[in-house]
Structure formats: C-alpha cells, structure tokens
Amino acid sequence: MNTDNKDAIVLLAKQPGLTSFSSLRNVKKAMNTNKVGHTGTLDSFAEGLLVVCTGHYTKLCGQITAFDKTYKAVLHFGKETDTCEYTGNIIREAGFPTEKALRKAVEKWTGDIMQKPPLFSAIHVDGKRASDLVREGKDFDIPARPVKVFSAEIQEIKYVESSREINSRERLVEYALIEFSVSKGTYIRSLARDIAESCGSAAYLTGLFRTKVGNFLIEDAAGFDLLPEFNIHNTCKREAEYKVKKESLETTEKKINSEEDLKIQKEILEKNQDVTSEIAELCGFETIFIKNALCMEAFKHGKPLKSSMFHKSLWDYPNDCSIAVFKKDDFFDEEVSFLGLINKDAAGKVSYGFVIG
C-alpha cells in the first residue's frame, strides 16, 4: 500500500451505468493527482475491474493492457443490435437456440479463433475511432484478427417459458450467463454475436462483468462490495430500467452518490498497490536488485548505470528488454520496493526508463 506517494496501481470496481473515464474521478481525488491512466476501458453498460495506474506507473499501462482477462457475460438471445449490447438498435431477429446447440457453439468459439471486432468499438480506422465512423454514416470494414478464448463455461441459463417442459437439451434458451477467459483484444460482444449465429440464433449482451486482469482480482478492488450481484435476473432488470429511462428521455448516467464516493476513495487509499516482482514478470520485464543504499541513491539521481550497482550484471540480461529494479529488505528495514525501469536496446545499450523518486 502506498500512503504517501502518487505512484501506485489502483484496482477499481467500475459501477454499471458509469463511463470508465468518469469512474476515475475517485482515483484522482483519493491519490491527489491528475496523472492517471487506465489499462483497458469498460463500456458504460458494463461493470467490474479497472486496473488504474497513477504517477510514474502510468508508463506501465501498455504492459498491463496486454494481460489476459476474465469476464462474465449475460447473452440475450433472439435479437442482435448494432452495438452487440442492449443500448444499441435492433438490426436482426432470429429464433431461440436449443441448449444443445448453444453448448456446441460455445465449444466452437473456444481456443484460437479469428474474431471480427464490433463496428462500435474504439479501434482506429484511418486515424478515427470505428464507433465515430459508424455515427457519421461511413461505410468501412474491420478485418478479423486472431485472439484466444482460453475457456468458456455456461454458468446459468434462463429458458423460454413455453419450452420448460421439453427434454433439457432441447429446451430453448432465452438468456445464458457465460464466463470467458480470454487474451488481449478479445471482444466479448463479438463472442456473443458469433456464438448466437453459430447456433442459428441472434444475441446481444445484457450484462458484462470483468472479474480478472492478469492476477488482479475484482474482489480486491475498491468499491467491490457496492456492485450488485451479477446474474441474469439483475442484468435483465437493469436493461428494463434503461429502456424506461430512454423512452422517457431521462439520463441513463448513474447518479453520483457522495457517500459511496467517500467509501471508494477511502478504500483506494487502503488498497492501492506497489509494483511487485510478480507484477513485473507479468508485464514481461526482467528483474534486478540494487546492491545497497549508496547504489540506490546513485540510481535515483540518474548516475551512469553500472553492473556494480546491482546484484547481477546488466550484461547477463538479453538485448531488447526492460529490467525492473527493486531494493531488497536485506539492507533496508522494509519490504522489497520497486525503484524504476532500465531499458536495454537491441544493441545492448542500457538507459533509464524511469525512476521512482
């Protein structure tokens, strides 16, 4: 936990109905900094884990964005929307799938797949966001790209009422809650669309909950206990409330609750994290330990990098890598701490990435 500096990793539970950007206001206020970077946004309708970096740690955002992720998603069958989630406009309708067909389709879309991202996305096409091009009425295409679905598990099913008495595998499915573990760049909205199409139906997301990013868990996030239970019933209820507000022209942005904000800010200060050697490894960094307090001061003040400053020679590390620098508790009366990053280029030249003051 960092209580006295602005360099930290903050796990934040984004509430449904808020944008990822507006959710960061509590991080900025709690950490008293505007230098805040997220490692992957969530759509406004979605909820769950945002991994936020503050201060110098914002330079780590790109590495954390590449971590594998786990989501729970509720698929609503029978219709497809242009955004592949419930706030969009219906563009296609189809019959409901049987449970047997659904399970077969989920299996088909597990493993190494080629996925076509949704047109309503933050992907840039000719320098502009795809979602902006759609709103401008532009005609364009986003090519399919390789992603990996490590696992997909159906956790809850709601059947079409009229089919409840049919043999279980032949019953028609109206909603399904599926947990997906996926690689970087995988769109769960696209998975919902493709799984539905594979089982002869159509679908969009009525709920999306990110539960894990790398080894970061939603249970450790500030504001976790303010999240509603994620299940088919609650996501359907939220979709119905959205439609009522939309028809009455009410705002769909979640109202700011100052009491909840204060609770979240307190938890941010209590739960924010430093970079550990485990996190550095997940980021793809090599690790090295500074030799003593004198060497640490030389490092912090940007003195020329020498192998004598560390427990291991810099030349033992491969070229074209980044090396996370830590101090050990064998000469400091405190735990191991992250000091900064060294870059080693393709020619073997070392230079400072950044230093934590």
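Heads up: these notes are all about the structure in this document. From a predicted model like this one, the values you see are computed outputs, not experimental measurements.

With respect to the overall build of the protein
Right, on to step 1. Secondary structure assignment for the protein yields 10 helices and 17 strands.
Right, on to step 2. Counting only residues that meet the buried cut, the protein has 49% of its 357 residues in that class.
Right, on to step 3. The long-range share in the protein, meaning contacts at least 24 apart out of those at least 6 apart in sequence, stands at 71%.
Right, on to step 4. Counting only carbon and sulfur atoms, one obtains 49% of the accessible surface of the protein, whose full area is about 17500 Å².

Section: the pairing of strand 4 (residues 69-77)
A regular strand places its side chains on the two faces of the sheet in alternate fashion.
Right, on to step 1. Among the 9 residues that make up strand 4, 8 are buried, leaving the element largely enclosed by the rest of the structure.
Right, on to step 2. Sheet topology note: the strand 4/strand 11 (residues 173-182) ladder contains 8 bridges and is antiparallel. Following the sheet pairing, H76 is matched in strand 11 by Y175.
Right, on to step 3. Summarising the sheet, strand 4 and strand 12 (residues 203-213) pair through 9 bridges and their orientation is antiparallel. Looking across to strand 12, one finds that K72 is bridged to F209.

Let's talk about the packing of aromatic side chains
Right, on to step 1. With the rule as written, the count across this model stands at 10 aromatic pairs.
Right, on to step 2. Each member of the aromatic cluster is reached from another via a ring pair, and the members are Y57, F289, F326, F338 and F354.
Right, on to step 3. The side chain of R171 reaches across the aromatic face of Y159, ending 4.0 Å from its centre.
Right, on to step 4. Taking the ring centre of Y317 as reference, the NZ or CZ of K312 above it sits at 4.6 Å.

Topic: the pattern of salt bridges
Between side chains of opposite charge, a pair can form as their charged atoms come close.
Right, on to step 1. Tallied over the entire structure, the rule returns 11 salt bridges.
Right, on to step 2. Between E80 and R92 there is a salt bridge; the shortest N-O distance is 3.1 Å. Of this pair, E80 sits in strand 5 (residues 79-81) while R92 sits in strand 6 (residues 90-93); the two residues are 12 residues apart in sequence, bridging distant segments of the chain.
Right, on to step 3. Given a relative accessible area of 31%, R92 falls into the partly exposed group.
Right, on to step 4. Put simply, R193 and D194 hold a salt bridge, and the shortest N to O gap is 2.9 Å. As far as burial versus exposure is concerned, R193 and D194 are alike and both buried.
Right, on to step 5. One salt-bridge network, held together by shared partners, links D225, K263, E267 and K271.

Thoughts on the state of the cysteines
Right, on to step 1. All told, the structure shown has 0 disulfides when counted by the stated rule.
Right, on to step 2. C53 provides the cysteine sulfur closest to C61, a residue in no disulfide bond, and the two sulfurs are 4.0 Å apart.
Right, on to step 3. C61 sits in the buried class, given a relative accessible area of 11%.

Things to note about the nonpolar core
Right, on to step 1. Counting residues in hydrophobic clusters, the biggest one holds 47 residues, and the most contacted among them are F77, F180, I188 and I268.
Right, on to step 2. Apart from the residues lying within four places of it in its own chain, the contact partners of I268 are V10, L12, N26, V27, A30, M31 and A222.
Right, on to step 3. Among the nonpolar cores identified, the runner-up in size contains 34 residues, and L60, V74, V213 and L227 belong to it.

A short note on the sheet that holds strand 15 (residues 321-327)
Right, on to step 1. Strand order in this open sheet of 4 strands is 14-15-16-17, and the pairing throughout is mixed. Only two strands of the sheet have a single partner each, and these edge strands are strand 14 (286-289) and strand 17 (350-355). Strand-to-strand, the axes of this sheet are offset by a mean angle of 30°, without reference to chain direction.
Right, on to step 2. As judged from the 4 bridges shared by strand 14 and strand 15, these two strands associate in the parallel manner. Note that in strand 15 the partner of F289 across the bridge is F326.

Here's the deal with the environment of L227
Right, on to step 1. Mapping L227 onto the fold places it in the loop between strand 13 (216-217) and helix 7 (232-247).
Right, on to step 2. Measuring from C-alpha to C-alpha, the distance between L227 and A13 comes to 7.5 Å, with 214 residues separating the pair along the chain.
Right, on to step 3. If we skip the residues at most four places from it in the chain, L227 touches A13, K14, Q15, P16, E47, F209 and I218.

Observations concerning unusual backbone geometry
Right, on to step 1. Positioned with a positive phi, N32 is a non-glycine residue whose angle comes to about 55°.
Right, on to step 2. Mapped onto the secondary structure, N32 falls in the loop between helix 2 (25-31) and strand 2 (36-38).
Right, on to step 3. Residue N32 is classed as exposed on the basis of its relative accessible area of 57%.

About the cut-offs
Residues numbered from 1 in each chain as written. Predicted model: local features only at pLDDT ≥ 70, side-chain atom pairs only at ≥ 80, totals over all residues. Heavy atoms only, no water. Helix = DSSP H or I, 4+ residues; strand = E, 2+ residues; numbered from the N terminus. Buried < 20%, exposed > 50% of the residue type's maximum accessible area, 1.4 Å probe, protein only. Contact = heavy atoms within 4.5 Å. Areas by Shrake-Rupley, 256 points an atom, 1.4 Å probe, with all protein chains shown as cover. Pairing = 2+ DSSP bridges. Phe/Tyr/Trp six-rings, centres within 6.5 Å; stacked < 30°, edge-to-face > 60°. Lys NZ or Arg CZ within 6 Å of the ring centre and 35° of its normal. Salt bridge = Lys/Arg side-chain N within 4 Å of Asp/Glu carboxyl O. Disulfide = S-S within 2.5 Å. Core = buried A, V, L, I, M, F, W, Y, C linked by side-chain atoms within 4.5 Å. Axes fitted to C-alpha atoms, helices over the stretch in contact; angles between N-to-C directions.

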